[in-house]
Amino acid sequence: GFSATLAPLVCYCGGAALSTLLYPRMSPLGGAVLAALALVAAVCVLKRRAGGLVMLALLSAAFACLGLFAGLLRLEGMHASRLAALAGERVTVEATVTERPRYRDSRIDLFAGAGRVTRSGRAAVVDEDIIVSIFCRDDCAALSGEGLTEGRRLRLTGVIETPKADPGADFDYGRYLRQRGVNVT
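Owing to the predicted nature of the structure, the values given are computational and were not obtained by experimental measurement.

**Description of the pattern of salt bridges**
Counted by the stated rule, this structure contains 6 salt bridges. Its salt-bridge partner being Glu 89, residue Arg 119 comes within 3.3 Å of it at the nearest N-O pair. You can see Arg 119 sitting in strand 3 (residues 107-119) and its partner Glu 89 sitting in the loop between helix 3 (52-79) and strand 1 (90-97), a full 30 residues away along the chain. The class of Glu 89 is partly exposed, set by a relative accessible area of 30%.

So, in structure tokens, the structure goes:
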């Protein structure tokens, strides 16, 4: 009935949600292996003509593993960064501001979507979220009227950095950024 129809879908969503807790400790390959094992178990039980409840449980487990695999695969794709390979290099990035900037005394931080990167005269198309830090010689508040609003296209030259992980700290800012899909600043 109703629960038998929804159970696999709910388990798939549960597996996808679980992937956010397990990534990066578990790779998409691990999720694929679990999904394959669960499907093989379901097929074996089906051949023995097991009861409906056993079959529903195995199919639900298989769907949970498939959701886990899909979630891990998506997270892996979010964390694959073409810009991270350029860490420490001076590049020019064309980006669009995606959030209102944060003004500090000597720095402006803003989230942007990078669309193009140029290094040593060679350009490449990218599609990544980045944090841009603009360092000011004087008070940054003077730049607040420069129109750094959402949707504004920017062309910036600077050095690519990767957020530093700090696993022992109460709050790991590098991990927080990577979970948001930001791999470089």
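**Side note on the environment of Val 91**
By the secondary structure assignment, Val 91 is in strand 1. Take Val 91: its relative accessible area is 3%, and that puts it in the buried class. Measuring from C-alpha to C-alpha, the distance between Val 91 and Arg 119 comes to 4.9 Å, with 28 residues separating the pair along the chain. Beyond its immediate stretch of four places on either side in the chain, Val 91 contacts Leu 86, Val 117, Thr 118, Arg 119, Leu 156, Thr 157, Gly 158 and Ile 160.

**Describing the pairing of strand 4 (residues 122-135)**
One face of the sheet, then the other: side chains in a regular strand alternate in exactly this way. Bridge count for strand 3 against strand 4 is 12 bridges, and the pairing is antiparallel. Looking at strand 4, one finds that Val 117 is bridged to Ala 124. A loop of 2 residues connects strand 3 with strand 4, the two strands running antiparallel in sequence, and Ser 120 in this loop sits at a positive phi of about 50°.

**Describing helix 2 (residues 28-47)**
For helix 2, with 20 residues, the first-to-last C-alpha span of 29 Å sits near the 28 Å given by 1.5 Å per residue. Within helix 2, the full set of buried residues consists of Pro 28, Gly 31, Ala 35, Ala 38, Ala 42 and Val 45. For helix 2, the buried positions fall inside an angular range of 115° around the axis, keeping them on one side. Exposed side chains of helix 2 directed beyond 90 degrees from the buried face belong to Leu 29, Leu 37 and Lys 47.

**Details of the state of the cysteines**
Tallied over the full model, the rule gives 0 disulfides. There is no disulfide at Cys 11, and the cysteine sulfur nearest it, in Cys 13, is 9.3 Å away. For Cys 11, a relative accessible area of 24% gives the class partly exposed. The thiol of Cys 65 is unpaired, and the distance to the nearest cysteine sulfur, on Cys 11, comes to 9.7 Å. Here Cys 65 falls in the buried class, since its relative accessible area comes to 15%.

Parameters and conventions
Residues numbered from 1 in each chain as written. Predicted model: local features only at pLDDT ≥ 70, side-chain atom pairs only at ≥ 80, totals over all residues. Heavy atoms only, no water. Salt bridge = Lys/Arg side-chain N within 4 Å of Asp/Glu carboxyl O. Helix = DSSP H or I, 4+ residues; strand = E, 2+ residues; numbered from the N terminus. Buried < 20%, exposed > 50% of the residue type's maximum accessible area, 1.4 Å probe, protein only. Contact = heavy atoms within 4.5 Å. Pairing = 2+ DSSP bridges. Expected span 1.5 Å × (residues − 1). Arc of directions from axis to C-beta. Disulfide = S-S within 2.5 Å.

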